[in-house]
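Observations on the model geometry
Chain by chain, the residues run as shown.
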Amino acid sequence: MRVLGIGGRVFRPASSTLFPQRLSKQAGLKIRPPVAALLLLLFLPLLALAACSKSGPEINIVAGSENQPFEPLVQEFCKSEGAKCTFKYEGSLDIGFGLKSTSDPLQADVVWPAASIWIDVFDESRKVKHLQSISQSPVLLGVRKAKAEALGWTKRDVTTADILQAVKDGKLKFLMSSATQSNSGAGVYLAMLNAAVGRGDVLTEADLADPTVRDKARTLLSGVQRSSGSSGWLSNLFLDMDARGEQADAMWNYEVTLKETNEALVKRGSDPLWLIYPKDGVAISDGPMGYLDRGRGADVETFVTGLEKFLLSADAQKRIAAIGRRVGPGSGAVATPVPEWNLDTSRAVTALRPPDPKVIFNALNLYQEALRRPSLTALCLDISGSMQGPGISQLHDAMSFLFTPEQTRNLLVQWTPDDHIVAIPFSSGAGDPQTGTGAPADQKRLKQWGNSLEADGGTDMYACVEAALQTMTPDLDSGKYLPAILIMTDGRSEGDLEGFIAQWKSRGRGIPIFGVTFGDADTAQLDRLATATGGRVFDGRSSLAEAFRAARGYN
């Protein structure tokens with residue numbers, strides 16, 4: 001006799017009469033064979049259920065958003081082991097900060113960032129064990145096919161020097177995520193530095209100090225048209241710009257993300273991206289999974305190593321490859337090439353060796369402080385009557401964070417003297433603009449001003465945005481800056497939203513508007529405004545300072 005349990009497992013009782021006989025002896029009862037057979041039929045389903053229903057551990061998984069497509073696959077394994085697996089998606093940099101922090105450590109059993117450099121840089125205590133690369137994806141440049149043909153890039157190999165020359169000649173602009181807030185941006189940036197060195201060796205501290213290397217990297221980064229703190233959001237932005245008819249010629253992103261972007265572009269009849277595999281080397285996102293030892297016991301560690309073994313099995317790797325990821329050599333699993341996009345996940349690429357963790361961290365600070373395109377940021381600050389009490393206190397805290405260099409530098413969102421800042425309070429109307437740069441003296445002044453704000457009056461954020469545009473215009477005319485307007489509000493604004501959007505399309509000069517919500521803010525209103533202008537809304541209800549930090553990664 002056999003009993004099929006969950007998942008098709010077969011459980012065989014030792015004998016058809018053993019269980020009733022043992023039960024009768026323990027109870028002091030005499031059970032006749034027909035009754036014994038009946039009891040057997042009643043208890044066998046319970047035996048089968050008990051035998052195949054595992055009770056596994058509760059597992060917390062913190063993963064980069066790049067790994068979100070794999071959640072169903074992971075949950076299959078969790079279910080088979082009777083474990084409850086909970087996912088939380090964070091940026092790779094946030095995962096790194098959590099590994100480093102002693103006051104607010106990462107609450108996870110499994111860490112799964114986009115690339116191992118974030119573990120190398122931030123896991124100073126080496127708490128992450130059993131690190132395994134689950135999948136890989138190089139970071140490439142996708143260029144509109146018509147633009148690539150015009151540049152002569154569809155018939156030959158392209159180097160970073162070719163890309164540099166196209167930027168220098170004013171023939172190429174691109175979307176690229178922030179090097180200090182996104183793994184793909186960091187990978188592109190480190191590849192740019194390597195190419196600028198031109199030695200084909202590992203990047204060193206001496207290379208970072210070389211003026212020639214800095215000049216080449218700065219020129220390449222001057223080609224940034226829009227930035228973001230997320231590679232996924234960057235792809236959505238590219239598609240939104242395409243839908244609105246805005247010019248966007250190219251984007252740096254993962255090979256798999258460029259594939260997904262092209263699928264959406266082709267579906268709507270738009271010109272796809274031609275994938276550029278720079279001949280002199282590319283950064284690789286190696287998708288490492290590891291066990292974070294928090295002292296929870298051997299069963300948790302065993303579960304994590306079992307999960308890694310499952311994901312690296314031939315069947316799982318084949319399923320991972322099917323969505324456009326690269327998998328381990330020898331698996332034979334690859335996605336179908338698309339020649340008309342120059343997409344081939346089996347193509348050999350020159351992978352850049354990551355430098356020493358200290359060099360990486362210093363390179364990221366160099367990007368933020370000296371090499372990136374300067375930002376032009378307008379802060380619209382809600383000081384309406386509803387902000388009285390805790391609201392205005394949190395606004396003061398946010399201003400203290402934004403304009404305290406020691407704090408922003410720790411999170412790689414520091415200002416520089418080349419950045420221009422406009423801060424405008426608003427209630428029933430717009431207040432007087434305060435302007436400055438990222439120089440220490442200006443930050444100190446802006447912080448003191450921000451901490452003196454008091455709450456009173458109604459809410460009209462549109463008046464503030466109008467005032468911001470007017471104040472930003474001279475800097476906008478220079479074409480030097482990446483502009484953005486950031487609105488912090490806790491309520492619904494007065495005024496005509498759709499009318500404002502209609503006017504903004506004709507005279508907003510393509511400036512994205514971002515929102516930070518607080519309290520009972522009308523998120524629908526801010527979402528509509530952000531979507532229409534190419535911005536994004538951040539939730540500041542738990543921490544205004546953290547929301548402002550996240551928003552800084554987008555310009």
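The following paragraphs examine the structure supplied in this document. Predicted model, so just to flag it, every value in this text is computed and none were measured.

**As for the side chain of Thr-489**
Structurally, Thr-489 is set in strand 17 (residues 482–489). When residues no more than four places from it in sequence are discounted, the contact partners of Thr-489 are Asp-382, Phe-426, Thr-459, Val-516, Thr-517, Phe-518, Ala-521 and Leu-526.

**Considerations on the pattern of salt bridges**
Across all of its chains, the model carries 24 salt bridges by this definition. With a closest N to O distance of 3.1 Å, Glu-90 and Lys-88 form a salt bridge. Connected via shared salt-bridge partners are Glu-76, Asp-315 and Arg-319.

**Comments concerning the sheet that holds strand 18 (residues 513–517)**
The strand order across the open sheet formed by six strands is 16-15-14-17-18-19, and the pairing between neighbours is mixed. Two strands bound the open sheet, and with one partner strand each, they are strand 16 (434–437) and strand 19 (537–539). Taking the axes of each pair of neighbouring strands and ignoring which way they run, one obtains an average angle of 20 degrees across the sheet.

**Quick look at the environment of Asp-240**
Counting through the fold element by element, Asp-240 comes out in helix 11 (residues 231–244). Note on Asp-240: relative accessible area 35%, which makes it partly exposed. For the pair Asp-240 and Thr-531, spaced 291 residues apart in sequence, the C-alpha separation works out to 8.6 Å.

**Digging into unusual backbone geometry**
For residues besides glycine, phi is generally negative; the peptide bonds are generally trans as well. The backbone of Arg-126 shows a phi angle near 50 degrees, a positive value even though the residue is not glycine. Assignment of secondary structure puts Arg-126 in the loop between helix 5 (117–122) and strand 6 (128–133). Of note in this structure, Arg-509 is not a glycine but carries a positive phi near 60 degrees. In this structure, Arg-509 sits in the loop between helix 20 (497–507) and strand 18.

**Some details on helix 19 (residues 461–478)**
Taking 1.5 Å as the rise per residue, helix 19 with 18 residues should run 26 Å; its terminal C-alpha atoms sit 26 Å apart, in good agreement. Listing the buried residues of helix 19 in full gives Met-461, Tyr-462, Cys-464, Val-465, Ala-467, Ala-468, Leu-469, Met-472 and Leu-476. Packing partners of the buried residues in helix 19 comprise strand 14 (375–382), strand 15 (420–426), strand 17, helix 20, strand 18 and helix 21 (523–533). Between the side-chain oxygen at the start of helix 19 and the backbone nitrogen of Tyr-462 there is a gap of 3.3 Å, and the oxygen is on Asp-460. Positive phi shows up at Gly-479, right after helix 19, with a value of about 70 degrees.

**Remarks on the packing of aromatic side chains**
In this description, an aromatic ring pair is defined by two values, namely the gap between the centres and the angle between the planes. A complete count under the given rule lists 17 aromatic pairs for this structure. Pairing Trp-118 with Phe-122 gives two aromatic rings, centres 6.5 Å apart and planes at 10 degrees, and the pair type is stacked. Of this pair, Trp-118 and Phe-122 are both found in helix 5, four residues apart, which corresponds to roughly one turn of the helix. Each member of the pair, Trp-118 as well as Phe-122, is classed as buried. With a centroid separation of 5.0 Å and an interplanar angle of 35 degrees, the aromatic rings of Tyr-462 and Phe-500 are classed as tilted.

**Regarding the nonpolar core**
Judged by nonpolar contacts, the single largest core of 52 residues is most densely connected at Leu-141, Trp-153, Leu-172, Phe-174, Met-176, Tyr-189 and Leu-193. Not counting chain neighbours up to four residues away, the residues in contact with Leu-172 comprise Leu-141, Val-143, Trp-153, Ile-163, Ala-166, Val-167, Gly-223 and Ala-250. Core analysis: the second largest hydrophobic core is formed by 50 residues, Leu-239, Trp-415, Ile-421 and Leu-544 among them.

**Remarks on the state of the cysteines**
Here the structure, examined in full by the defined rule, presents two disulfides. For Cys-380, the disulfide goes to Cys-464, at an S-S distance of 2.3 Å. Every disulfide takes its handedness from the sign of the S-S torsion; for Cys-380 and Cys-464 that torsion is -100 degrees, giving left-handed. Of the two residues, Cys-380 is situated in strand 14 and Cys-464 in helix 19; the sequence distance between them amounts to 84 residues. Residue Cys-380 is classed as buried on the basis of its relative accessible area, which comes to 1%. Sequential numbering of the bridged cysteines in the protein chain gives the disulfide pattern 1-2, 3-4.

**Side note on helix 4 (residues 92–100)**
The α-helix winds at 3.6 residues per turn, so residues separated by three or four positions along the chain end up facing the same way. With respect to burial, helix 4 is a largely interior element, seven of its nine residues being buried. All of the buried residues in helix 4 are Ser-92, Leu-93, Ile-95, Gly-96, Phe-97, Gly-98 and Leu-99.

**Some thoughts on the sheet that holds strand 4 (residues 84–89)**
Taken in spatial order, the five strands of this open sheet run 4-3-5-13-6, and their pairing is mixed. The sheet is open, and its two edges are formed by strand 4 and strand 6, each paired on a single side. For this sheet the average axis-to-axis angle between neighbouring strands, irrespective of direction, equals 20 degrees. Where strand 6 and strand 13 (residues 288–292) come together, four bridges link them in antiparallel fashion. Its bridge partner being in strand 13, Lys-129 is matched across the sheet by Tyr-291. Contacting strand 3 (58–63), strand 4 and strand 5 (110–112), helix 3 (residues 71–80) crosses the sheet at an angle of about 160 degrees to strand 4.

**Some thoughts on the environment of Tyr-291**
With respect to the secondary-structure elements, Tyr-291 resides in strand 13. Along the sequence, Tyr-291 and Thr-302 sit eleven residues apart, while their C-alpha atoms lie 9.4 Å from each other. Excluding its chain neighbours within four sequence positions, the residues that come into contact with Tyr-291 are Asp-109, Lys-127, Val-128, Lys-129, His-130, Gly-297, Val-300, Glu-301 and Val-304. Among the polar contacts listed, one links the side chain of Tyr-291 to the side chain of Asp-293, at a separation of 3.4 Å.

Thresholds applied
- Residues numbered from 1 in each chain as written.
- Predicted model: local features only at pLDDT ≥ 70, side-chain atom pairs only at ≥ 80, totals over all residues.
- Heavy atoms only, no water.
- Helix = DSSP H or I, 4+ residues; strand = E, 2+ residues; numbered from the N terminus.
- Contact = heavy atoms within 4.5 Å.
- Salt bridge = Lys/Arg side-chain N within 4 Å of Asp/Glu carboxyl O.
- Pairing = 2+ DSSP bridges.
- Axes fitted to C-alpha atoms, helices over the stretch in contact; angles between N-to-C directions.
- Buried < 20%, exposed > 50% of the residue type's maximum accessible area, 1.4 Å probe, protein only.
- Expected span 1.5 Å × (residues − 1).
- Polar contact = N/O pair within 3.5 Å; in protein donor to acceptor, adjacent residues only side chain to side chain.
- Phe/Tyr/Trp six-rings, centres within 6.5 Å; stacked < 30°, edge-to-face > 60°.
- Core = buried A, V, L, I, M, F, W, Y, C linked by side-chain atoms within 4.5 Å.
- Disulfide = S-S within 2.5 Å.

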